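Residues per chain are reported as follows:
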Number of protein chains: 2
Amino acid sequence: MLPYLEGPVFNASSLHQEGRRARAVLEEARERVARLLGAQRKEIVFVANGSEADALATFGLSAKRPGGHIVSSAIEHLAILASLEARKDEGYDVTLLPVDGHGFVDPGALRFALRDDTALVTIMYANNEIGTIQPIRELAAIARQHSIAFHTDAVAAAGWLPISVDELGVDGLSLAAHKIGGPKGIGILYVRDGMPLVPLVHGGGQERGMRAGTEDVAAAVGAAVALELAEQERVSRCERVLALRNRLELGLLAKVPLSRVNGSEPRLPNIANLSFSGIKAEVLAVRLDLEGIAVSPGSACTSGIAGPSHVVEALGTGNPREALRFSLGTQSTEEEVDFVLQVVPNVVSELRRT
Amino acid sequence: MLPYLEGPVFNASSLHQEGRRARAVLEEARERVARLLGAQRKEIVFVANGSEADALATFGLSAKRPGGHIVSSAIEHLAILASLEARKDEGYDVTLLPVDGHGFVDPGALRFALRDDTALVTIMYANNEIGTIQPIRELAAIARQHSIAFHTDAVAAAGWLPISVDELGVDGLSLAAHKIGGPKGIGILYVRDGMPLVPLVHGGGQERGMRAGTEDVAAAVGAAVALELAEQERVSRCERVLALRNRLELGLLAKVPLSRVNGSEPRLPNIANLSFSGIKAEVLAVRLDLEGIAVSPGSACTSGIAGPSHVVEALGTGNPREALRFSLGTQSTEEEVDFVLQVVPNVVSELRRT
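Described in the following lines is the structure provided in the data block. (Residues numbered from 1 in each chain as written. Chains lettered and ligands numbered in written order. Predicted model: local features only at pLDDT ≥ 70, side-chain atom pairs only at ≥ 80, totals over all residues. Heavy atoms only, no water.)

## What to know about the overall build of chain A
Here is step 1: Broken down by element type, chain A carries 12 helices and 11 strands.
Here is step 2: A compact globule built from 354 residues should have a C-alpha radius of gyration of about 20 Å, and chain A, at 21 Å, falls within 12% of that.
Here is step 3: Based on the C-alpha atoms only, the size of chain A along its principal axes is roughly 70 × 55 × 35 Å.
Here is step 4: Across the 354 residues that make up chain A, the buried fraction comes to 60%.
Here is step 5: In chain A, once contacts between residues fewer than 6 apart in sequence are set aside, the share between residues at least 24 apart is 71%.
Here is step 6: Carbon and sulfur atoms form 52% of the exposed surface of chain A, whose accessible area is close to 13,600 Å². (Helix = DSSP H or I, 4+ residues; strand = E, 2+ residues; numbered from the N terminus. Rg over C-alpha atoms; globule rule 2.2 N^0.38 Å. Buried < 20%, exposed > 50% of the residue type's maximum accessible area, 1.4 Å probe, protein only. Contact = heavy atoms within 4.5 Å. Areas by Shrake-Rupley, 256 points an atom, 1.4 Å probe, with all protein chains shown as cover.)

## Some thoughts on the pairing of strand S4 (residues 118–122) of chain A
Regular strands place side chains that alternate from one sheet face to the opposite one.
All names here are of chain A.
Here is step 1: Across the 5 residues of S4, 5 count as buried, placing the element largely inside the fold.
Here is step 2: Summarising the sheet, S4 and strand S5 (residues 149–153) pair through 3 bridges and their orientation is parallel. Within the sheet, the bridge partner assigned to Thr122 lies in S5 and is His151.
Here is step 3: Taking the sense of rotation as the criterion, the β-α-β connection linking S4, helix H6 (residues 136–145) and S5 turns out right-handed. (Pairing = 2+ DSSP bridges. Right-handed = clockwise from strand over helix to strand, strands pointing away.)

## Overview of helix H3 (residues 50–60) of chain A
Residues and elements named next belong to chain A.
Here is step 1: In terms of burial, H3 is largely enclosed, as 11 of its 11 residues are buried.
Here is step 2: Turning to H3, its buried residues are Gly50, Ser51, Glu52, Ala53, Asp54, Ala55, Leu56, Ala57, Thr58, Phe59 and Gly60.
Here is step 3: The N-capping residue of H3, defined by a side-chain oxygen 3.2 Å from the backbone nitrogen of Ser51, is Asn49. (Polar contact = N/O pair within 3.5 Å; in protein donor to acceptor, adjacent residues only side chain to side chain.)

## Points about the relation of the copies chain B and chain A
Here is step 1: Each copy of the sequence occupies a distinct position, and chain B is placed on chain A by a rotation of 180 degrees and an axial shift of 0.0 Å, giving an RMSD of 0.0 Å. Accordingly, the operation relating the two chain copies is best matched by a two-fold axis. Looking at the rotation axis and the C-alpha trace of chain B, the residue lying nearest is Ala48 of chain B, at 3.0 Å.
Here is step 2: A share of 100% of interface residues in chain B that are also interface residues in chain A marks the association as one of identical surfaces. (Least-squares fit on C-alpha atoms with pLDDT ≥ 70 in both.)

That is the geometry; function is a separate question.
What follows is the structure in structure tokens.
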């Protein structure tokens, strides 16, 4: 990214030589992203982050049926759920499919939910809190049978699961570069060629009219490189992180009485979501933070107060206030896992005593 | 920005130590931006670019009167004009005030245009194509007398004009960091405390609920530093660039017969918009590009085809296809200006001969 941040940086939408050079760099980044998704360059819209990709998808892919019906799931990221609330305010009717106690959407329930006026189905590829992987291919095929647009939020899945849009059979797919080691400030919305999309941000016609604003060339390059590296290293990283995650989960289950894992396989390899009976996740998170262990109750949220997890609540199998998320990454080590295995059981016993 | 791009980068909305540190950096950047505007920290919303700031302003500040009336001007940036088209589709009624032959909005015309159902007035501080500076203080006072929200697109003005929101008397103000030497990918919307704003992108509650998405800490820091430097150097830069701009304009007017400047004082010091009678700006731009001179017919636009300038068209004083924009910057030199003064008259004569 640095050459495009440090050098003289021209507007990729200017027609002069310098502008055309910036555009060539931008379009090469777009091509690289498209290749990773098995998509065409014109199907890639650069946006600011995963939330904007989700907002643009729910707004833009449903617009051909104003006031129509949208189907989603109860465990979506807040970027989808809050966007759908906004769509409701605009007159859309929204059905949130439930999940079973393991964290999965039932394809039969989707089939049952579809209506003549259903404009869009949006179901996440993998959940960001408990890691469960939805049967996207099957769900997308059902929507396709009814000629209904199918979008998936793949923000949590990217870097861990294959993201070929044709294999998944989706019409829209959201990504965020920072979740796969890329920069913050750049997200991607894939939109299948021919799908009508109405923009949220209008202006100078950038991104084929789908998202106005002077293009962030450096961030687009960062996103492309991050996606490429993530894909190259994906299988080996999954194996490595899965071994660490299993060590962590099995260790915690063995050492902490009355503990349980939220969500069942198939799951992402990098997330361990556990409940320790009687222990509020928020309290435990604050205590572990003091020990140098960074964990999250629910999703990252700016209020400074973590509410109960809507995802674990949807499972219906435990107290949503007790669910704590441990995220592992490419740089996590066995030593770190063992440190967590040493600290957490002690802190939980201590909290249970008091 | 580099420490926040290169180091381990945490989510500013996570509650653990690392997240809180990222948040502290973000909020310090917000405080620095607020100080520059004479605003409060909570009045600053970070977005992706000037177009998103404008889109959020037209959408979010008019939403308290759904289907109401919005007043703007005929020479706004496409980010405003295209957003207003979208608002029309949502049922709003839009009045575009004309400008006089010098490029100015008449405050009397604004007073006359206001209606009982006017929800928002949005008029740009300075024009990006011809540089004319609108009497924002006077225009904003008229809106305020009628308790109507007043927004200004200050993207072209920043770095050249004072941007104290209280002195201007505005309720909303858009900025783009890359226009003042900051990074691409970050814009700012100031919204006066107490003004209801409805978000475009919903999700995890970031930016006080006004714009969801994981915060781009590095870009926010870049925006803050760019604004600070721009303000520190503003007066001296204006003097220097104005001298160069005058050298350029007076030189071209003297050396090229049948040439004219579009827009009158008060203007931004960095823009020279000229028409050379009988010469299409697009043709001239392509020829000058071959000589290493980067100029723009109309605004930067992605279509690859520059249309006639809607700004010069609104002046009503010349052919909007003939208006060519020369932009100067802090790094422009007298030698560059003299090179332009040497090349342009020859190219214009040559084009006129053929």
